[in-house]
Amino acid sequence: MKAVIDPARCQGKARCFNLYPSIFGKGPDGKGIIVRTEDLDTDELIVDAQSAANACPRGAITLVE
Ligand code: SF4
């Protein structure tokens, strides 16, 4: 499972990378980027990514297989 960000939806609200910097980062344009490009291979990472998706005010984060 991996986290993905829809750049068309993201408006750089920063919640994802402030809350979960092991998975998300701040891109050069201020928008969120994925820094954890490998599989989310622990329950903790999956829970954190799901929490980030829930916290994103733009609904820009999804988890994909
Ligand atoms: S929380 Fe959502 S809107 Fe904010 S930077 Fe992350 S993906 Fe973008």
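Criteria and cut-off values
- Residues numbered from 1 in each chain as written.
- Predicted model: local features only at pLDDT ≥ 70, side-chain atom pairs only at ≥ 80, totals over all residues.
- Heavy atoms only, no water.
- Helix = DSSP H or I, 4+ residues; strand = E, 2+ residues; numbered from the N terminus.
- Rg over C-alpha atoms; globule rule 2.2 N^0.38 Å.
- Buried < 20%, exposed > 50% of the residue type's maximum accessible area, 1.4 Å probe, protein only.
- Areas by Shrake-Rupley, 256 points an atom, 1.4 Å probe, with all protein chains shown as cover.
- Lys, Arg positive; Asp, Glu negative; His and termini not counted.
- Charge placed at Lys NZ, Arg CZ, Asp CG, Glu CD.
- Near = heavy atom within 4 Å.
- Nonpolar A, V, L, I, M, F, W, Y, C, P; charged D, E, K, R; others polar.
- Salt bridge = Lys/Arg side-chain N within 4 Å of Asp/Glu carboxyl O.
- Contact = heavy atoms within 4.5 Å.

Another aspect to go through is the overall build of the chain. Looking only at helices and strands, one finds two helices and four strands in the chain. Each helix and strand of the chain, placed in order from N terminus to C terminus, yields the pattern β-α-β-β-α-β. Its C-alpha atoms give the chain a radius of gyration of 10 Å, near enough to 11 Å, the size a compact globule of 65 residues would have. With 65 residues in all, the chain has 37% of them scored as buried. As presented, the chain carries roughly 4,000 Å² of accessible surface, and 49% of it is formed by carbon and sulfur atoms. Measuring between centres, the 8 positive side-chain charges of the chain sit 14 Å from its 9 negative side-chain charges.

Moving on, we come to the site of the ligand. Around the ligand sit 14 residues in total, of which Cys10, Lys13, Ala14, Cys16 and Cys56 are the nearest. Among the elements that make up the shell around the ligand, the one with the highest residue count is helix H1 (residues 15-19) (three residues). Per-class residue counts for the shell around the ligand are eight nonpolar, three polar and three charged.

So, about the side chain of Asp48. Looking at the element boundaries, Asp48 is found in helix H2 (residues 43-55). Of the side chains with opposite charge, Arg36 lies nearest to the buried Asp48, which makes no salt bridge, at 10 Å. Setting aside anything within four residues of it in sequence, one finds Asp48 in contact with Tyr20 and Ile23.

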